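Residues per chain are reported as follows:
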Amino acid sequence: MQAITVLGATGSIGVSTLDVIARHPHRYRVFALTANSRTDILLQQCRQFAPRYAVVADEQQADAFALRVREEGLAVEVLAGVAGLEAVAAHPEVTTVMAAIVGFAGLSPTLAAVRAGKKILLANKEALVCAGQLFMQAVGQAGATLLPIDSEHNAIFQCLPYGKTLVEAGVRRLLLTASGGPFRERSLEEMEWVTPEQACAHPNWSMGRKISVDSATMMNKGLELIEACWLFGTTPAQVQVVVHPQSIVHSLVEYADGSTLAQLGNPDMRTPIAYGLAWPERIDAGVPALDLFVAGRLDFLPPDEVRFPALRLAREAFIAGGSAPLVLNAANEVAVAAFLAGRLPFTGVARIVERVLEQLAARPLPGDLSALVAVDALSRQCAEQEIKVHA
Ligand code: NAD
Ligand code: MG
């Protein structure tokens, strides 16, 4: 029986995770659920899954939530803030942590789980982008098990022999597929004034708003390129991004003998989530089998880094190293929030990220979390400033 903490339970990945867990009550027990502010959903989840703990990250809302839990007579202990998140991530009774908080906010609880040697199901790609070296070192030192949930990385993981380096496995390249997002065929001029609603209407996947905008700018693929480099111990030169509008082939591994292995399936995150939960076994995820006759055809195209500069910016940031990916991520989080709030045009997102990267040159990153938090805060300030000046 695995005891599971779901960080970010009320989000798109969190809800899909609980859907898979509910199908297998004899395998999985929910130990803790966390939310930032959507406490109505959290309360409903507490009724259904009866966790030992529920954490409300937004401390302002925690007391009111605890009161509602008591009024309903639920046997759930309510914790608050980052300390609460870290406590349920590292608790000795927990075996498995689903890391599904969005953005840099997910780093400290995910790192707490890593340092406690848990099995980590990693959806929160920003944590790895921001703290790659620190994160992977901590995984090694604590003997944590890191399983990628991001569909592309999960696909690559499924196509690789476990426990071997890419060199040992005879891997030539990793091929990371990208849908191209809702604006795949638009010109730069047409993209300038698209609305948040248009940007969040992803053609194939239903996701949170931040990652939906990242998919539309293709920053998501840039973050995933960095994620792949850390997870699989490789460099951007060995990772080819392939635009694949149908989102059926979730990624591929090219081997020295001429073989290319791929993982295919309907675009539904419950598949990689179920794979992470049950690994190395496989369980029902509630996802219908892929019907190749319905899919019909699969297209593959090279990415266009002129219309989608975010991909280039992410690659350059990884190569620059040190603080650059952390700066890139912080600027992107601020710019995406500004776009969603109607304060920045869509194409302004990549422009702001580029300007912030120009201003805050890459520096060596000290190996402790508080130093990362400081660089993150500085980058956010700089991004806000740039938005005021240029938006
Ligand atoms: P979402 O916006 O739907 O959910 C985010 C969750 O994080 C919510 O539970 C929210 O309460 C919590 N949260 C937000 N800010 C917080 C804070 N400051 N402190 C604590 N908790 C906070 O996002 P999502 O689409 O589920 O994505 C979650 C993560 O998974 C992201 O890193 C995303 O890149 C990654 N991911 C998502 C998908 C997908 O299909 N949705 C696919 C691959 C990877
Ligand atoms: Mg992905």
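The preceding data block contains the structure.
Residues numbered from 1 in each chain as written. Chains lettered and ligands numbered in written order. Predicted model: local features only at pLDDT ≥ 70, side-chain atom pairs only at ≥ 80, totals over all residues. Heavy atoms only, no water.

### Focus on the pairing of strand β3 (residues 53-56)
Part 1 of the reasoning: Side chains Y53 and V55 of β3 all project onto a buried face; the interleaved residues A54 and V56 project onto the opposite face, where all are buried too.
Part 2 of the reasoning: Two strands pair when backbone bridges link them, and strand β2 (residues 28-35) and β3 are joined in this way by 4 bridges, in the parallel orientation. By the bridge assignment, L33 is partnered in β3 with A54.
Part 3 of the reasoning: Regarding the hand of the β-α-β motif, the stretch spanning β2, helix α2 (residues 39-49) and β3 is right-handed.
Part 4 of the reasoning: As defined by bridge partners, β3 adjoins strand β4 (residues 77-80) across 4 bridges and the pair is classed as parallel. Each residue of the ladder has a partner; that of A54, found in β4, is V78.
Part 5 of the reasoning: The parallel pair β3 and β4, bridged by helix α3 (residues 59-71), forms a crossover whose chirality is right-handed. (Buried < 20%, exposed > 50% of the residue type's maximum accessible area, 1.4 Å probe, protein only. Helix = DSSP H or I, 4+ residues; strand = E, 2+ residues; numbered from the N terminus. Pairing = 2+ DSSP bridges. Right-handed = clockwise from strand over helix to strand, strands pointing away.)

### Overview of the sheet that holds strand β6 (residues 119-122)
Part 1 of the reasoning: Spatial ordering of the open sheet is given by β4-β3-β2-β1-β5-β6-β7, a layout of 7 strands whose pairing is parallel. Edge strands, defined here as strands with exactly one partner in the open sheet, are β4 and β7 (145-148). In this sheet, neighbouring strand axes are inclined to one another by 20 degrees on average, regardless of whether the strands run parallel or antiparallel.
Part 2 of the reasoning: Across 5 bridges, strand β1 (residues 2-7) lies against β2 in parallel orientation. Residue V6 lies in a different strand from β2, and its bridge partner there is L33. (Axes fitted to C-alpha atoms, helices over the stretch in contact; angles between N-to-C directions.)

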